[in-house]
Amino acid sequence: MASGSAATISNPGDVSCIRSNPIGRPVRIHADREANVVATLTLAFSSDPANRWCWPGTADYLAGFPQFVRALGGNAFAAECAFEIAGGSGAALWLPPGVEPDEAELIAIVQRTVHASRQNDLYEVMQQMARFHPQTPHWYLPFIGVEPLQQCRGLGTLLLRPILDRCDDERLPAYLESTNPRNVPFYESLGFRGVGMIQAGTSPRIVPMLREPQ
Ligand SMILES: CC(C)(COP(=O)(O)OP(=O)(O)OC[C@H]1O[C@@H](n2cnc3c(N)ncnc32)[C@H](O)[C@@H]1OP(=O)(O)O)[C@@H](O)C(=O)NCCC(=O)NCCS
């Protein structure tokens, strides 16, 4: 196997980022790219603490998480608020003000795919999420992911820029739940601030984060 330069390939096992030139710019995409987005996010979230708590088994994760992406973030495509970068190595799904996830399908997915012993804790997590979710117009980021071999090259930062700039132009807040504590500094560097903590039963901690327009 050809050896990759440290400037172009970061080891996903490393705990620190190797900074290099990011590839390209984010592009707005349509529903014909949904399968690629779901695949990229499924790779990216494969070691995410909260999502793997929902689906600890590999096959269960590969069956459940893609459905979850479509139900929570799929409406980004019709709203024209889905983005890819670097040929699809990274993707972000945003829901603009007034566009909601498919809540009924989310509940159905939990019932179908999450082990019964975790469902009650997960419903409690979802209720806590609802309590932190802003009630005034805002942009919601249900998913951002960069496939592991391409992380730490600046792609995630670039992916978020178009909608964060729009939030600033329109004087609207942005909101997300960080399902991995490792990402909190990344979001803070973009202007998000933690507004609480979400945790129930055996679940990992999730940090709801709000970004006021800047
Ligand atoms: C979070 C994520 C989208 C960031 O994308 P990215 O392209 O790696 O981010 P960038 O290169 O623009 O920024 C890197 C920053 O993110 C953090 N970070 C990202 N990946 C990291 C890693 N493997 N190890 C340590 N820090 C990491 C660091 O704080 C880093 O800060 P720096 O700029 O001071 O080096 C990406 O790491 C990812 O897909 N993670 C898995 C899925 C996920 O957690 N999604 C978000 C759930 S809330």
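Residues numbered from 1 in each chain as written. Predicted model: local features only at pLDDT ≥ 70, side-chain atom pairs only at ≥ 80, totals over all residues.

### What to know about unusual backbone geometry
Phase 1 of the analysis: For Ala86, which is not glycine, the phi torsion reads 55° and is therefore positive.
Phase 2 of the analysis: Within the element layout of this structure, Ala86 appears in the loop between strand S2 (82–85) and strand S3 (90–95).
Phase 3 of the analysis: With a phi angle near 70°, Cys152 is a residue other than glycine that sits in the positive phi range.
Phase 4 of the analysis: Residue position: Cys152 is located in the loop between strand S4 (139–146) and helix H7 (155–170).
Phase 5 of the analysis: Assessed through the 19 C-beta atoms surrounding it within 10 Å, Cys152 is described here as partly exposed. (Helix = DSSP H or I, 4+ residues; strand = E, 2+ residues; numbered from the N terminus. Buried ≥ 20, exposed ≤ 12 C-beta atoms within 10 Å, placed from the backbone.)

### Topic: the environment of Glu124
Phase 1 of the analysis: Following the sequence through the fold, Glu124 ends up in helix H6 (residues 116–132).
Phase 2 of the analysis: Considering only alpha carbons, one finds Glu124 and Ile198, 74 residues apart in sequence, at a separation of 9.2 Å.
Phase 3 of the analysis: Those residues in contact with Glu124 that lie beyond four places of it in its chain are Ala200 and Gly201. (Contact = placed C-beta atoms within 7 Å.)

### Overview of helix H1 (residues 34–44)
Phase 1 of the analysis: Along H1, the residues classified as buried are Glu34, Val37, Val38, Thr40, Leu41 and Ala44. Angularly, the buried residues of H1 cover 165° about the axis, an arc narrow enough to put them on a single face.
Phase 2 of the analysis: In the core, the buried residues of H1 are packed alongside helix H3 (58–73), helix H4 (75–78), S2, S3 and S4. (Arc of directions from axis to C-beta.)

### Considerations on the sheet that holds strand S1 (residues 27–29)
Phase 1 of the analysis: One open sheet holds the seven strands; their spatial order is S1-S2-S3-S4-S5-S7-S6, and the pairing between them is mixed. Looking at the sheet topology across the chains shown, the edges are occupied by S1 and strand S6 (193–194).
Phase 2 of the analysis: Sitting on the sheet, H1 is in contact with S2, S3 and S4, with an inclination near 75° to S4.
Phase 3 of the analysis: Strand contacts of H7: S2, S3, S4, strand S5 (174–178) and strand S7 (207–211), with the helix running at about 165° to S4, the strand carrying the most contacts. (Pairing = 2+ DSSP bridges. Axes fitted to C-alpha atoms, helices over the stretch in contact; angles between N-to-C directions.)

### Some remarks on the nonpolar core
Phase 1 of the analysis: Counting residues in each nonpolar core, the largest one holds 48 residues, and the members touching the most others are Leu41, Ala92, Trp94, Leu141 and Leu159.
Phase 2 of the analysis: With residues up to four places along the chain from it excluded, the contact list for Leu159 reads Pro26, Phe83, Ile85, Gly90, Ala92 and Ile144. (Core = buried A, V, L, I, M, F, W, Y, C linked by C-beta atoms within 7 Å.)

### Thoughts on the environment of Pro208
Phase 1 of the analysis: Tracing the chain through its elements places Pro208 in strand S7.
Phase 2 of the analysis: The spatial distance from the C-alpha of Pro208 to the C-alpha of Phe192 is 9.5 Å, given a sequence separation of 16 residues.
Phase 3 of the analysis: Not counting residues up to four positions away in its chain, the partners in contact with Pro208 are Phe132, Glu177, Val195, Gly196 and Ile198.

### Things to note about H3
Phase 1 of the analysis: A rise of 1.5 Å per residue sets the reference length of H3, with its 16 residues, at 22 Å; its end C-alpha atoms lie 22 Å apart and thus fit the reference within 8%.
Phase 2 of the analysis: Residues of H3 that are buried include every one of Tyr61, Gly64, Phe65, Phe68, Val69, Ala71, Leu72 and Gly73, and no others.
Phase 3 of the analysis: Those residues of H3 hidden inside the fold are in contact with H1, helix H2 (49–54), H4, S3, helix H5 (103–113) and S4. (Expected span 1.5 Å × (residues − 1).)

### What to know about the environment of Asp60
Phase 1 of the analysis: Checked against the element boundaries, Asp60 lands in helix H3.
Phase 2 of the analysis: Take Asp60: there are 15 C-beta atoms within 10 Å of it, and that puts it in the partly exposed class.
Phase 3 of the analysis: In sequence terms Asp60 and His115 are 55 residues apart; their C-alpha atoms lie 9.2 Å from each other.
Phase 4 of the analysis: If we ignore the near neighbours within four places in the chain, the residues touching Asp60 are Trp55 and Thr113.

### Considerations on the confidence of the model for the protein
Phase 1 of the analysis: Summing up the model confidence of the protein, the mean pLDDT is 92 and the portion of residues at 70 or higher is 90%.
Phase 2 of the analysis: In this model, residues 1–15 is a region of pLDDT below 50 whose contacts with residues beyond four sequence positions or in other chains number 13 contacts. (pLDDT = per-residue confidence, 0-100.)

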